[in-house]
Amino acid sequence: MSLKSERRGIHVDQSDLLCKKGCGYYGNPAWQGFCSKCWREEYHKARQKQIQEDWELAERLQREEEEAFASSQSSQGAQSLTFSKFEEKKTNEKTRKVTTVKKFFSASSRVGSKKEIQEAKAPSPSINRQTSIETDRVSKEFIEFLKTFHKTGQEIYKQTKLFLEGMHYKRDLSIEEQSECAQDFYHNVAERMQTRGKETTDDEKKDLAIQKRIRALRWVTPQMLCVPVNEDIPEVSDMVVKAITDIIEMDSKRVPRDKLACITKCSKHIFNAIKITKNEPASADDFLPTLIYIVLKGNPPRLQSNIQYITRFCNPSRLMTGEDGYYFTNLCCAVAFIEKLDAQSLNLSQEDFDRYMSGQTSPRKQEAESWSPDACLGVKQMYKNLDLLSQLNERQERIMNEAKKLEKDLIDWTDGIAREVQDIVEKYPLEIKPPNQPLAAIDSENVENDKLPPPLQPQVYAG
C-alpha cells in the first residue's frame, strides 16, 4: 500500500528528457529539446544559412538597381529633386542597410577592414541617381493626385512634407516609436480625406441656395419683368451676351477692385442695350429689371460669396460713392429681389406661378403676329416649337389626369359589384337539392312507362 501511494503523481518518460538529437545528454525546452552542445551546432548552421541567403539577396538587389539605372539613363536624363530631405532620408536608410549587411558578413568571418566599411558607408552612384528619378516621379504623381482635392489636397501636401521632415530627425528613435508616428500620420490623413467636402461654410450654402433658386426661375421672360430690351436686334443681343459674360467672369477675379470692374462693365453693356432698343438714354427704372434678367439668364457662380468678399475686403468709400458703388448696390438689390420673388412680383396668379416653378408647364411665348418683319426665322421657329411643346405637355397632363380618374372609377365600380354580389349571397344562400330520378328513354321497354302514347307511325297519302 505504501509503495503504490509513493509512486502516484505525474509520470514522465525518460526518453522525453533526453536530447532530441540522441547524443545521450539531457535536453532543455528553452533550446527546443536539444542539449547545449547540439543547440550551438544547430544554431550555427541556421545562422550560416541565413547569412548566405542575405548575401544572395543583397547581390540580386544590387544587380536590379544597376540594371534599372542603366535603362533609365538611356531613356531619360537626370531630373531635379523635389523632396531633397525625403531623398536624403531614403539614401541614408539604404546606406545603413548595406553597412549592416557587410558588417554582418564580416562578423561571421571575424575579419573586417576599414576600407570595406568606408565603401559600405558611401552609396553607389547608381543607387543615388535612381533614387532621384524615382523620388521626383512619385512626387509629381502625388502632387497631381492632390490637385483634385483643392484646398484639402494642399493641406495634405503640407502635412506630408512636415511629416517627412520630422521623420528625418526621428531616425534615431526605436522602430516601435517610428511605426507609431507613421500610423498616427496615416490615421490623420485618412480622416482628413474622408471629411473633405463635408465642411461647407455659410457662404457656400447661400451660393448653392441662390443657384438653385435661379435655376428654378429659368422660365421668367423679359415681358414678366418689364425689361425694355429687344434681343431680336443683333446689337442688343451682343450687348446681352457681353453683360452675361462679364457677370460670370467676376468669379475668376481675385482682387475686389477687379470684381467691381466686372460689375461695372456688365452694367454699362446693359445701359447700351437699353439705349439701342429705346433710342433714348436708359433710366434707373429700366436698369434694375434688366440687371435682374441678366442675373437670371447668366446664373453667375458663387454669387453670394463674391458679394460678401467685395463687402468685407473692398474700400468702404468706394462702395458708398461713385458708379462702382451704385452698380454694386443694384446688384445686391437684384439678388435680394430674386430671393423673395413671388407670383405678385410677376403679376401672375399663384396657381400659374406654382405650375411654372414645378416645371409642369412654361409661359406662352410670343405669338407669330407680334413678330417684326426683320425677325430671324430660326428664332420664330424656336418659339413656335416651344409653344407646341408647351401645349403637348398640357395635353399629356390632362390625359394622365383623366386616365388616373378612369382607373379610380374602375376600381370603385369593381369594388361596388363585389359588395353587391356578397350581399346577395348572404341574403339568399345557395341550397343544393338532391338530384331527381333520371328519366327513362322513350324507346326503351320499360314497364313503368306503359302509359306513354305509342310512337307515331308513318302514313302514306295518295296524291
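Residues numbered from 1 in each chain as written. Predicted model: local features only at pLDDT ≥ 70, side-chain atom pairs only at ≥ 80, totals over all residues. Heavy atoms only, no water.

1. Brief notes about the overall build of the chain
Next up, step 1: For the chain, the helix and strand inventory stands at 17 helices and 0 strands.
Next up, step 2: Looking at the chain residue by residue over its 463 residues, the buried ones come to 26%.
Next up, step 3: Within the chain, residue pairs in contact and separated by at least 24 positions form 66% of the contacts whose partners lie at least 6 positions apart.
Next up, step 4: Of the roughly 34,200 Å² of accessible surface on the chain, 55% is carried by carbon and sulfur atoms. (Helix = DSSP H or I, 4+ residues; strand = E, 2+ residues; numbered from the N terminus. Buried < 20%, exposed > 50% of the residue type's maximum accessible area, 1.4 Å probe, protein only. Contact = heavy atoms within 4.5 Å. Areas by Shrake-Rupley, 256 points an atom, 1.4 Å probe, with all protein chains shown as cover.)

2. Side note on the packing of helix α11 (residues 256-278) against helix α13 (residues 303-313)
Next up, step 1: Two elements in contact, α11 and α13, have axes separated by 9 Å at closest approach and are oriented at 125°. One finds that α11 runs oblique with respect to α13. α13 is crossed by α11, and the crossing has left-handed handedness. Between α11 and α13, the residues in contact are Pro 256, Lys 259, Leu 260 and Ile 263 and Asn 306, Tyr 309, Ile 310 and Phe 313, respectively.
Next up, step 2: Among the residues forming the contact of α11 with α13, the class breakdown is 6 nonpolar, 1 polar and 1 charged. (Axes fitted to C-alpha atoms, helices over the stretch in contact; angles between N-to-C directions. Parallel < 35°, antiparallel > 145°, perpendicular 65-115°, else oblique. Left-handed = near helix turned anticlockwise from the far one by under 90°. Nonpolar A, V, L, I, M, F, W, Y, C, P; charged D, E, K, R; others polar.)

3. Structural notes on unusual backbone geometry
Next up, step 1: Although it is not a glycine, Cys 226 adopts a positive phi angle of roughly 60°.
Next up, step 2: Here Cys 226 is to be found in the loop between α9 (222-225) and α10 (234-249).
Next up, step 3: Judged by its relative accessible area of 58%, Cys 226 is exposed.
Next up, step 4: You will see that Arg 302, though not glycine, has its phi angle at about 50°, which is positive.
Next up, step 5: Mapped onto the secondary structure, Arg 302 falls in the loop between α12 (284-298) and α13.

4. A closer look at the pattern of salt bridges
Next up, step 1: Taken as a whole, this structure holds 8 salt bridges when the rule is applied.
Next up, step 2: With its nearest N and O atoms 3.6 Å apart, the salt bridge here joins Lys 253 to Glu 249.
Next up, step 3: The closest approach of N and O atoms between Glu 323 and Lys 268, which form a salt bridge, is 3.7 Å. With Glu 323 in helix α15 (residues 322-339) and Lys 268 in helix α11, the pair connects residues that are 55 residues apart, well separated along the chain. (Salt bridge = Lys/Arg side-chain N within 4 Å of Asp/Glu carboxyl O.)

5. Things to note about α10
Next up, step 1: With 16 residues, α10 should reach 22 Å at 1.5 Å per residue; the first-to-last C-alpha distance of 22 Å fits that figure.
Next up, step 2: Buried residues of α10: Val 236, Met 239, Val 240, Ala 243, Ile 244, Asp 246 and Ile 247, and no others. The arc enclosing the buried residues of α10, seen along the axis, measures out at 160°, which places them on a common side.
Next up, step 3: Residues of α10 that are buried sit in contact with α11, α12 and α15. (Expected span 1.5 Å × (residues − 1). Arc of directions from axis to C-beta.)

6. A closer look at α15
Each full turn of the α-helix corresponds to 3.6 residues, which orients residues three or four apart in the same direction.
Next up, step 1: Compared with an ideal rise of 1.5 Å per residue, which puts 18 residues at 26 Å, α15 spans 26 Å between its outermost C-alpha atoms and is within 8% of the ideal.
Next up, step 2: Listed as buried for α15 are Asp 324, Gly 325, Tyr 327, Phe 328, Asn 330, Leu 331, Ala 334, Val 335 and Ile 338.
Next up, step 3: Looking at the buried residues of α15, the elements they touch are α8 (202-216), α10, α11, α12, α13 and α14 (316-320).

7. Quick look at the environment of Ile 263
Next up, step 1: You can see Ile 263 is positioned in helix α11.
Next up, step 2: In the structure, Ile 263 is positioned 15 residues away from Ile 248 in sequence and 9.5 Å away in space, judged by C-alpha atoms.
Next up, step 3: Once you skip the residues sitting within four places of it in the chain, Ile 263 turns out to touch Met 250, Ile 310, Tyr 327, Phe 328 and Leu 331.

8. Things to note about the state of the cysteines
Next up, step 1: Using the criterion set out here, one finds 0 disulfides in the structure.
Next up, step 2: With no disulfide of its own, Cys 262 has Cys 266 as its nearest cysteine by sulfur position, at a separation of 9.3 Å.
Next up, step 3: For the unlinked cysteine Cys 332, the closest cysteine sulfur is that of Cys 333, found at 6.9 Å.
Next up, step 4: Owing to a relative accessible area of 27%, Cys 332 belongs among the partly exposed residues under this scheme. (Disulfide = S-S within 2.5 Å.)

9. Some words on the packing of aromatic side chains
Next up, step 1: One pass over the structure, following the stated rule, counts 10 aromatic pairs.
Next up, step 2: Judged by centre distance (4.2 Å) and plane angle (5°), the ring pair of Phe 163 and Phe 185 falls under stacked. Here Phe 185 lies in helix α7 (residues 175-194) and Phe 163 lies in helix α6 (residues 151-169), a separation of 22 residues in the sequence. As far as burial versus exposure is concerned, Phe 163 and Phe 185 are alike and both buried. (Phe/Tyr/Trp six-rings, centres within 6.5 Å; stacked < 30°, edge-to-face > 60°.)

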